[in-house]
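What follows is each chain in one-letter form.
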Amino acid sequence: MTGTVDRVVLATSNRGKLADFQHLFADTGIELVAADEAGVDVDVEETGVTFEANALIKARHAAEATRLPVLADDSGLAVNALDGAPGVWSARYAGPACDDDANNEKLLAALEGVADRAAAFVCVLALILPGGEEILTHGRCEGEIADSVRGTNGFGYDSLFFRRDLGQTFGEASVEEKAARSHRAAAVGAMIEELRRRGLTP
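Here the structure is a predicted model, which is why all the values come from computation and not from measurement.

Caption draft 1: Quick peek at the pattern of salt bridges. For the coordinates displayed, the defined rule picks out 20 salt bridges. For glutamate 46, the salt bridge identified is with lysine 58, shortest N-O distance 3.6 Å. Remark: lysine 58 occurs in helix α2 (residues 51-63) and glutamate 46 occurs in the loop between β2 (31-34) and α2; sequence separation between them is 12 residues. Classification of glutamate 46 as partly exposed rests on a relative accessible area of 25%. Under the relative-accessibility criterion, lysine 58 is labelled buried at 9%. The partner of aspartate 73 in a salt bridge is arginine 184, and the shortest N-O contact between them spans 3.9 Å. Of the two residues, aspartate 73 sits in strand β3 (residues 70-79) while arginine 184 sits in helix α5 (residues 183-197), which places them 111 residues apart along the sequence. On the accessibility criterion, aspartate 73 (3% relative accessible area) is buried. The class for arginine 184 is buried, based on a relative accessible area of 5%.

Conventions we followed
Every chain's residues receive numbers from 1 upward, in the order its sequence appears when written. For this predicted model, a pLDDT threshold of at least 70 governs which residues receive local features, and a threshold of 80 or more governs which side-chain atom pairs are given and counted, while totals over whole chains, interfaces and linings are taken from all residues. Excluding hydrogens and water, the side-chain values take into account all heavy atoms of the structure. One side-chain nitrogen of Lys or Arg within 4 Å of one carboxyl oxygen of Asp or Glu is enough to make a salt bridge. Helix numbers and strand numbers start at the N terminus; a helix is a DSSP run of H or I with at least 4 residues, a strand a run of E with at least 2. Note on exposure labels: buried denotes an accessible area under 20% of the residue type's maximum, exposed denotes more than 50%, and partly exposed covers the range between, all computed with a 1.4 Å probe on protein chains only.

Take a look at the structure:
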């Protein structure tokens, strides 16, 4: 690819993710465009068994509909005591039609009486450039699962994900506090660094 990456379609219909990523890319000179605003369909079955596979499935599907670079992520929560679950099934942990509250309730029930609460948020980003070149980056954020829902900020498992350095969950943290530590921030930072290395940043 020649030129720079200055406008990217984010392959998600999740408004919480869109807000997170727009904040993380705010000072990079790269504009993130919502998939629906770009007329890109992101309705694709995530059949992969790894975060990498699912990120690529979503990015490749969306890339067929646009000449712009496409960014997709697959992210989730890996809990030590649950052998890495809910993992790639984080969004569907309580069932295909579940919501965040149902997922959180199921996780708390699964960890009832469990002393080891260690967990990590994991994010894999897949960027597909015009011409088909693919770039993958990874991010990870360590924490632990609180014993009850705390805070109303964020989405997903944020209100259960406790960080000792903050003394609070991501659901209680500010956007800035979360962005400085999150798995998405780490993956975005790695992506920006890779684009800079290739001379593709604005």
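Moving on, there is more to tell.
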